[in-house]
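What follows is each chain in one-letter form.
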Amino acid sequence: YLWYIVDFDKDPLLKKKGDLERESEKNNIYIKEHPFVSSIKGMKIFAVTPENLPTKIEAYKRELENDHQKIKEAILGPLSSITGNAIAGPNPQNKIMGEYTKLFNGLALNISEGEAEEIKKLSGIKKVVPNFKRELSLTDSVPLINADDI
């Protein structure tokens, strides 16, 4: 494997954005069908509506970034103490191969199997899996899609 992928519990930004957009549309339809609802004080403040959708998305983005930072600190702090700096080195930040929040919420880390097992135990972690290098070959797919008939 190349490194480990650490998947955080929270949904990535684009999934949450889609969820909020669908919720906003449903709420908007409901409010149009039930006009009295829009007169209820605070209803539009707490419900996701087309008017406040950008604000709700931006708030989730900030929340995700804050959680991302906290989980990253929770991961990197123990790496130094777990390994006694012998493996992690003086700067555990060097173990971060990539950070992701949009399509995937997590990290790519250059860590050992033992470190991966310790990280799995941390709060906010959905799973930790090795990132294997894949070699793709189109040779087998050509006949499957009848591309050789062209």
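Reference entry: report on the structure contained in this document. (Residues numbered from 1 in each chain as written. Predicted model: local features only at pLDDT ≥ 70, side-chain atom pairs only at ≥ 80, totals over all residues. Heavy atoms only, no water.)

**Quick notes on the nonpolar core**
- Of all hydrophobic cores here, the largest spans 14 residues; its most connected members are Val6, Phe8, Ile75, Leu109, Ile119, Ile125 and Val128.
- Of all the elements in the fold, those that place two or more residues in this core are β1 (3-8), α4 (53-83), β3 (106-109), α5 (113-120) and β4 (125-131). (Core = buried A, V, L, I, M, F, W, Y, C linked by side-chain atoms within 4.5 Å. Buried < 20%, exposed > 50% of the residue type's maximum accessible area, 1.4 Å probe, protein only. Helix = DSSP H or I, 4+ residues; strand = E, 2+ residues; numbered from the N terminus.)

**Description of α5**
- Turning to α5, its buried residues are Glu115, Ala116 and Ile119. All buried residues of α5 lie within an arc of 105° about the axis, which places them on one face of the element. (Arc of directions from axis to C-beta.)

**Observations concerning the pattern of salt bridges**
- Counted according to the given criterion, the structure contains 11 salt bridges.
- Salt-bridge contacts for Lys120 lead to Glu117; the nearest nitrogen and oxygen are separated by 3.0 Å. A residue pair is termed a helical-turn pair when its members lie 3 or 4 positions apart in one helix, as Lys120 and Glu117 do in helix α5 at three residues.
- The exposure class of Glu117 is partly exposed, given its relative accessible area of 38%. (Salt bridge = Lys/Arg side-chain N within 4 Å of Asp/Glu carboxyl O.)

**Here's the deal with the sheet that holds strand β2 (residues 96-100)**
- An order of β2-β3-β1-β4 is seen for the four strands of this open sheet, with the pairing classed as antiparallel. The two strands at the open ends of the sheet, each matched to only one other strand, are β2 and β4. Shown here is a sheet whose adjacent strand axes are inclined to one another by a mean of 15°, direction ignored.
- Across four bridges, the pairing between β1 and β3 is antiparallel. Bridge pairing in β3 links Val6 to Leu107.
- In the packing of α5 onto the sheet, the strands contacted are β1, β3 and β4, and the crossing angle to β4 comes to about 165°. (Pairing = 2+ DSSP bridges. Axes fitted to C-alpha atoms, helices over the stretch in contact; angles between N-to-C directions. Contact = heavy atoms within 4.5 Å.)

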